[in-house]
Amino acid sequence: MLEHDTLFIGNRWVTPASESVLEVRSPATLELVGRAPDGSPDDMDRAVLAARDAFDTGPWPAMSFAERAAYLDRILDALRPRAEELDQLVPQESGIPVCFMSGSSGFPLLEYYSELGRTHPQEELRPGRPGVAGGAIVRHAPAGVVAGIVPWNGPVMQILMKMAPALVAGCTLVIKPSPETPLSSYAIAHAVEEAELPSGVVSIVPGGRDAGSHLVSHPAVDRVSFTGSTAAGKQIAAACAPAVRRVSLELGGKSAAILLDDVDLDRAIPTVVNAGMFFNGEACSALTRVLVSRNRHDEVVDRLTHEVADLKIGDPLDPVTFFGPLVSERQRDRVEQYVASGRDEGAVVVHGGGRPEGLDVGWYVEPTIFTNVKNTMRVAQEEVFGPVLVVIPYDDVDDAVRITNESELGLAGGVFADDDHEAVEVARRLRTGHVGINTLGMDWVFPFGGFKQSGLGREMGIEGLELYCELQCFGLPEGSPLASGPR
Ligand code: NAD
């Protein structure tokens, strides 16, 4: 059992302001995995003030991208020996199976942003219009104090996705891990401590909604970077508006996989199932609406059902398990309510729909496939966040595009076809941030984020670094010696 009684505030271990505790129970066994302090608004105040002081008076924001990238290398060196520990811990906190290695799978993010810190220009010289100005230095200045709020699915990766680019950019930051998964964040905090960053640069304070909403409204925070539900994202955007506080939102999805008529199902079906149901379906980018032409509908349903039936449900620590338990009883209730609503609205369960036999302890649900689904039904419009696929027939490609775009969300998607060119032509018509062409196709190197109510801004890639920068412009007189080239 892991017992933590301190919080990592301003790069130091401190006693929490309150005695409130987060208890983590395994969603598979319901046994106690560990305890950690439940960060309070007072703890958030201390963390924000440490970050503010480090930004305003410390050396961190004045360093170069490359100097700060060297600290990422040190964090990674300190994290690597903890890979095995995290790969075992994350399934016990979240129920996400170990086959997805969601503990250490985010480590390459540090490598990627470290490399970017060494190669991406921090300042650029831009020539002025002829005869008007001498040019300008365009500087990628750090955005300031960042509040990063993350969810429980992929808890390590979610923290690293914010921390790595924010640190290279020169920000100081306060990360609030989810109350469901505080334990894995301690491994990151220890690695940051070992990397010996300047005082105050990083705080990692797990806590609930109150602590989160206190953090995002704090006047000393310059930028909020939020990943979570669309409902919370709207509240956070509203909280940031009065101060015009910069905010980026990575929110929910209800993404579609479009199977074009000529698709090779041997190739497509395993990818569609994986893309729709990985992480127990608790993934923002999951392709949970499967769109198929009427003449191949029955064949596709049959193939999907067989593919899902072959995947093992059970202990998330077993390497052959594909479906573990959902993160909490509340999440299972939510998924079961959606399954009930699908049935009530006339959709038909062709696979699953209940609880798996022989798994009486733990928050398990059967992976479920619905047919007879209309795109207006709740199961087709709202994010279920569980292993539930809905199959929707279309008449022709125009109809498939229309159905896909008839959604308030627009995070991800996939087009599956015999020909990549044909698939990408369809992808161009979709109002969604990421489209995989015959694959899910996501990578740290590519910008990721949502259209519509799936978000605001882009994480990952160069855009993920730019997110934590403010552009600053130094206009130069004609003939200025600086016009020959800044650093
Ligand atoms: P959630 O919105 O309930 O909570 C996410 C985080 O925000 C938690 O740390 C929570 O404590 C905090 N929080 C909640 N309300 C808040 C508020 N008003 N102010 C400040 N903080 C608040 O979401 P969840 O159930 O933990 O996670 C699942 C959701 O996250 C899904 O909707 C999923 O699609 C989304 N998600 C999106 C992405 C993406 O990149 N777009 C990635 C992962 C998860």
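Residues numbered from 1 in each chain as written. Predicted model: local features only at pLDDT ≥ 70, side-chain atom pairs only at ≥ 80, totals over all residues. Heavy atoms only, no water.

## Considering empty space enclosed by the protein
- One pass over the full model with this rule turns up 4 cavities of 30 Å³ or more.
- The calculated volume of the largest cavity comes to roughly 80 Å³.
- For the lining of the largest cavity, the secondary structure elements donating two or more residues are strand S13 (255–259), helix H13 (397–405) and strand S20 (409–410).
- In this structure, the second largest cavity encloses a volume near 60 Å³. (1 Å grid on protein atoms, 1.4 Å probe; cavity = no way out; pocket = protein on both sides within 12 Å on 5 of 7 lines; lining within 4 Å. Points joined across faces, edges and corners; volume = space filled by probe spheres on them. Helix = DSSP H or I, 4+ residues; strand = E, 2+ residues; numbered from the N terminus.)

## Details of the packing of helix H2 (residues 65–79) against helix H4 (residues 107–119)
- As a packed pair, H2 and H4 sit with axes 8 Å apart at the nearest point and diverge in direction by 160°. In this view, H2 runs roughly antiparallel relative to H4, as classed from their interaxial angle. Two packed elements cross with a definite hand, and for H2 against H4 that hand is left-handed. Two secondary-structure elements touch here, H2 through Phe 65, Ala 66, Ala 69, Ala 70, Leu 72, Asp 73, Ile 75, Leu 76 and Leu 79 and H4 through Phe 107, Leu 110, Glu 111, Tyr 113, Ser 114, Gly 117 and Arg 118. (Axes fitted to C-alpha atoms, helices over the stretch in contact; angles between N-to-C directions. Parallel < 35°, antiparallel > 145°, perpendicular 65-115°, else oblique. Left-handed = near helix turned anticlockwise from the far one by under 90°. Contact = heavy atoms within 4.5 Å.)

## What about the domain arrangement of the chain?
- Along its sequence, the chain is carved into domain 1 (2–251 + 454–473) and domain 2 (255–437).
- When each unit is reduced to the centre of its C-alpha atoms, the spacing between domain 1 and domain 2 is 31 Å.
- Listed as interface residues are 24 residues of domain 1 and, on the opposing side, 29 residues of domain 2.
- Both faces combined, the contact of domain 1 with domain 2 buries some 2,100 Å², and carbon together with sulfur accounts for 66% of it.
- Contact with domain 2 buries surface across domain 1, with Phe 100, Trp 152 and Ser 454 losing the most and accounting together for 25% of the total.
- Our enumeration of links across domain 1 and domain 2 arrives at 1 salt bridge.
- Close ionic contact of Arg 330 with Glu 180 constitutes a salt bridge, the shortest N to O distance being 3.7 Å.
- Our count for the domain 1 to domain 2 interface comes out at 6 residue pairs in polar contact (both at pLDDT 80 or more).
- By residue number, the principal contributor to the side of domain 1 that touches domain 2 is helix H3 (residues 83–94), which donates 5 residues. (Domains from an automatic or database assignment. Buried area = accessible area lost by both parts, 1.4 Å probe. Salt bridge = Lys/Arg side-chain N within 4 Å of Asp/Glu carboxyl O. Polar contact = N/O pair within 3.5 Å; in protein donor to acceptor, adjacent residues only side chain to side chain.)

## A short note on the layout of surface pockets
- Its volume calculated, the largest pocket comes out at about 1,100 Å³.
- If you go around the largest pocket, you meet 45 residues; those closest to its centre are Arg 209, Phe 226, Gly 228, Ser 229 and Ala 232.
- A total of 7 residues in the lining of the largest pocket trace back to one element, the largest contributor, which is helix H8 (residues 230–240).
- Per-class residue counts for the lining of the largest pocket are 17 nonpolar, 18 polar and 10 charged.
- Each of domain 1 (2–251 + 454–473) and domain 2 (255–437) gives at least three residues to the lining of the largest pocket.
- Computed from the structure, the second largest pocket encloses a volume of approximately 590 Å³. (Nonpolar A, V, L, I, M, F, W, Y, C, P; charged D, E, K, R; others polar.)

## Section: the site of the ligand
- Contacts to the ligand come from 28 residues, most closely from Val 150, Lys 176, Ser 229, Leu 251 and Glu 383.
- In the environment of the ligand, an oxygen atom lies 2.8 Å from a nitrogen or oxygen atom belonging to the side chain of Lys 176.
- Protein chains bury 93% of the 830 Å² of accessible surface belonging to the ligand in isolation.
- Among the cavities detected, the one that contains the ligand is the largest pocket.
- Contributing elements (two or more residues each) for the shell around the ligand: helix H7 (209–216), strand S11 (223–227) and H8.
- For the shell around the ligand, the class distribution of residues is 13 nonpolar, 11 polar and 4 charged. (Near = heavy atom within 4 Å. Areas by Shrake-Rupley, 256 points an atom, 1.4 Å probe, with all protein chains shown as cover. Sits in = over half its atoms within 2 Å of the grid points.)

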